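A closer look at the structure
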Amino acid sequence: MESFKDLSSCRYEISESNDGEMIIYLEGRIDADNASSLIESFGSLIRDRSPVSLVLDLKKVTYLDDFGALVLVELRDMMADAKGEFNLKNAREEVLFVIDSEAIAESPKLIKIRPPSMFVRFGDAILKYVSDVKYLISFVGSVCLAFTYTFFHPKSLRMDDTFLYMQKTGVDALPIVGMISFLMGLIMAFMSSIQLQMFGANIYVASLVSLAMTRELGPIMTAIIVAGRSGSSFASEIGTMKISEEVDALFTMGFDPTRYLVVPKIMASVFVVPILTLFSDIFAILGGLTVGVFMLDLTANAYILQTLKTLSLFDFFLGIFKSGVFAILISWIGCLRGFRVKGGAASVGQATTSAVVSSIFLIIFFDSLFAVTLRYLK
Amino acid sequence: MEKNNIIEVRDLVVGYGADTVLENISFDVEEGEIFIVLGGSGCGKSTLLKHLIGLIKPISGRIRIDGDDISDCDEATFKKILRKIGVLYQSAALFGSMTIAENVSLPIKEYTDLSHKSLETLVKMKLKMVNLNGYENHLPSEISGGMRKRAGLARAMALNPKILFFDEPSAGLDPVSSVELDNLIIHLNKSLGTTMVIVTHELQSIFNVAHRVIMLDNKTKGIIAEGNPKYLKDHSDDPFVRNFFNRKSEH
């Protein structure tokens, strides 16, 4: 007979006879706290001593839950593998109840969901792409129809929501757009001044910053910030509404979900993103001015005059027009991704990511189109 | 044999901001009891449950879970309390990207050192216990509402907590599934001795499973009845309580 061993709230004692019979006397609780230690200890005992038969005496077991039942099942399996006998002794009624009621059935082997093979994924991607293109076309049609209806029935536009989205997309974004643009102007002026100083052309820092920001960087930077803030928010808002059946509820109440959800967002964006771009231009010029005045010994007056001399009304309106187009793209793709949400929370996350990535791609793509078109129009 | 109070609530005031939902309520839940919190819609049942499981701090008062004060404790004690409780949420709150077996095995993997093989066996046993054997590899979206509730129950009791909280377990279930869930609650209470605290207003379930109930009321913001539901149905002094248990309108 061996001495008691303590394992959390359970103790056990082992007795072995000469004919290879091993009896383990268990005492106390067998639960989640000690199940794995017991399985490990008894497993190594069986491996080391290879008993012909194993008897578990449960007389002094006060509590045994399914973790306890697991210990018994594992021991039974170990003994079966070792071609030995396994028996229980003095199991109290409530202990037997747990063991009887929780015996394992012939359940399938657990599998981990793995990604399908390359070919399946390739095929799946093509099918998904086709389905996306189909939906994209129908969504363009649906948005056009909704805008046409709103044009002829202006009262159908949800003005409250439109103002709310104007605030969320425009006013709330102003601090971050202003700060980033100011820093952009600052960095551009600083970097270009290093080169221009060598030629005594400090004053052209003003031209460089103002032209680059109003024509290209102002609209692009603003659009990227709006895509990150509002495009993603449109996708997740509509996506969450989709999985909680709110979009279905709108539909069954006789509302056109596109007119109800998409039109205010696009309208608000088209109105406020160009204004944001205007602010972005102003803040970037201020950033450049700061470098010009404090590092390049230019006067504020000279810097502003050079900026006004460089910029034409065409440059300014081109930037504003581009930002209007970017606003349509961002809000449209955000809403489109939201409507494509299916299933659960993970799908909302995917839609949000996809909305931002697609928006940025479309912004750059359309900017390239503008650049090429203008090159040939001139 | 005298039983311990596993939950003690004293002078509890709960609410949101300045608006109180319940004022100065006190009650105890005995170890191994099936205790039901009931009342009409908007009486603060779910709010009380959120306080009992530590999701919201009370405005004032004390909640002791197995001797530890959940309303005012350090992080280590809070974690200790969380190991003692399991919650079945109204929507089951299963993780949609994981299979049923993965959902159940998540807390077991985190808190025990069981080998992969033992874990697999245990998860099968847990799912067998809630009659979901064979559905181990299904996603939550691939099974019915009643099955999701049972899978949620298997996950809530993955580590065999001392106390199980249920938020409207019968909500959205057909009568047969509802009775099956009631029977499962009774079975688990008997076999494992788990204390069950159930928030519901489903009368049939209340009569089926409850050992004791408390009834909350939004007018008095307190407990208006406490005891065995079958007794309260006929013998309560308050006509509102009798009407509630007999499904009678006040008007």
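Just so it is clear, the structure is predicted and the values come from calculations on it, not from any experiment. Residue numbers restart at each chain and count upward from 1, following the sequence in its written direction. Lettering for chains starts from A, numbering for ligands starts from 1, and both go in the order in which the items are written. Per-residue local features of the predicted model are confined to residues with pLDDT of at least 70, and side-chain atom pairs are confined, for both listing and counting, to 80 or more; whole-chain, interface and lining totals are unaffected and use all residues. Heavy atoms throughout the structure, all of them, feed into the side-chain values; hydrogens and water do not.

**A short note on the overall build of chain A**
The secondary structure content of chain A amounts to 12 helices and 5 strands. Throughout, radius of gyration means the C-alpha value; the globule benchmark is 2.2 Å times the number of residues raised to the power 0.38. Taken over the C-alpha trace, chain A has a radius of gyration of 36 Å; the compact-globule value for 378 residues is 21 Å, which it surpasses by more than 25%. Projected onto its principal axes, the C-alpha coordinates of chain A cover approximately 105 × 60 × 40 Å. Taking the intrachain contacts of chain A between residues at least 6 apart in sequence as the baseline, contacts between residues at least 24 apart amount to 78%. Computed with a 1.4 Å probe, the accessible areas rest on the Shrake-Rupley method; for each residue, only the protein chains presented here act as cover. In the form shown here, chain A has an accessible surface area of approximately 20,200 Å², with 66% of it arising from carbon and sulfur atoms. Computing the positive centroid from 32 side-chain charges and the negative centroid from 38, chain A places the two 13 Å apart. The helix and strand labels rest on DSSP assignments: H or I over at least four residues marks a helix, E over at least two residues marks a strand, and numbering proceeds from the N terminus. The contact criterion used is simple: two residues touch if any of their non-hydrogen atoms lie within 4.5 Å. Charged-residue counts in this description rest on Lys and Arg as positive and Asp and Glu as negative, His and the chain ends being excluded. Here the site of a charge means NZ on Lys, CZ on Arg, CG on Asp, or CD on Glu.

**Topic: the sheet that holds strand E2 (residues 19–30) of chain B**
Residue and element names in this part refer to chain B. The sheet built from 4 strands is open, its strands ordered E2-E1-E4-E5 with antiparallel pairing. Whereas interior strands pair on both sides, the edge strands pair on one side only; in this sheet they are E2 and strand E5 (68–69). DSSP-based pairing: two strands are paired if at least 2 bridges between them are found. With 2 bridges joining them, strand E4 (residues 60–65) and E5 adopt antiparallel strand pairing. Bridge assignment links Ile65 to a residue of E5, and that residue is Asp68. Against the sheet, helix H1 (residues 45–52) contacts strand E1 (5–16), E2 and E4, and its axis sits at roughly 120 degrees relative to E1. Between N-to-C directions, angles cover 0 to 180 degrees, with each direction set by a line fitted to C-alpha atoms, over the stretch in contact for helices.

**Here we look at helix H5 (residues 159–169) of chain A**
Taken together, the buried positions of H5 of chain A are occupied by Asp161, Thr162, Tyr165, Met166 and Thr169 of chain A. When H5 of chain A is viewed along its axis, its buried side chains cluster within an angular range of 145 degrees and face the same direction. For each residue, the accessible area found with a 1.4 Å probe, counting protein chains only, is set against the maximum for its type, and the residue is called buried under 20%, exposed over 50%, and partly exposed in between. Taken from the helix axis, the directions to the C-beta atoms give the arc we talk about.

**Considering the confidence of the model for chain A**
What pLDDT conveys is the predictor's confidence in a given residue, as a value from 0 to 100. Chain-level pLDDT for chain A is 88 on average; 92% of the residues reach the 70-or-more range. Across chain A, the element-wise mean pLDDT spans from 59 in helix H3 (residues 93–101) of chain A up to 95 in helix H11 (residues 313–339) of chain A.

**Observations regarding the domain arrangement of chain A**
By domain assignment, chain A separates into domain 1 (5–101) and domain 2 (158–377). Taken over C-alpha atoms, the centre of domain 1 of chain A sits 69 Å from the centre of domain 2 of chain A. These domain boundaries are the output of an automatic or database domain assignment.

**Things to note about the packing of aromatic side chains**
Describing an aromatic ring pair means giving the distance of the ring centres and the angle of the ring planes. Pairing of aromatic rings covers Phe, Tyr and the six-membered ring of Trp, with a centre-to-centre limit of 6.5 Å; geometry is then stacked below 30 degrees between planes, edge-to-face above 60, and tilted otherwise. Under the counting rule described, the total for this entry stands at 13 aromatic pairs over all chains. With a centroid separation of 5.8 Å and 50 degrees between ring planes, the pair formed by Phe139 of chain A and Phe339 of chain A is classed as tilted. Remark: Phe339 of chain A occurs in helix H11 and Phe139 of chain A occurs in helix H4 (residues 118–152); sequence separation between them is 200 residues. For Phe139 of chain A, a relative accessible area of 3% puts it in the buried group. The exposure class of Phe339 of chain A is buried, given its relative accessible area of 8%. For a ring to carry a charge above it, either NZ of a lysine or CZ of an arginine must fall within 6 Å of the ring centroid while also lying within 35 degrees of the normal to the ring plane. Positioned above the aromatic ring of Phe78 of chain B is the side chain of Lys57 of chain B, whose terminal nitrogen or guanidinium carbon lies 6.0 Å from the ring centre.

**A few points about the environment of Ile180 of chain A**
Residues and elements named next belong to chain A. The topology assignment puts Ile180 in helix H6 (residues 174–196). The class for Ile180 is partly exposed, based on a relative accessible area of 27%. With 92 residues separating them in the primary sequence, Ile180 and Val272 have C-alpha atoms 18 Å apart.

**A short note on the sheet that holds strand E7 (residues 163–167) of chain B**
All names here are of chain B. On the basis of which strands lie adjacent, the open sheet formed by 6 strands has the order E6-E7-E8-E3-E9-E10 and mixed pairing. Two strands close off the open sheet at either side, each with one partner strand: strand E6 (85–88) and strand E10 (222–227). Each strand axis lies, on average, 15 degrees off the axis of its neighbour in the sheet, ignoring direction. Across 5 bridges, strand E3 (residues 34–39) lies against strand E9 (residues 212–217) in parallel orientation. Residue pairing for E9: Val37 is matched across the bridge by Ile214. Contacts between helix H2 (residues 75–84) and the sheet are confined to E6 and E7, with E6 contributing the most and set at about 60 degrees to the helix. Each of E3, E7 and strand E8 (195–199) is contacted by helix H6 (residues 175–192), which is oriented at about 155 degrees to E8, the strand it contacts most.

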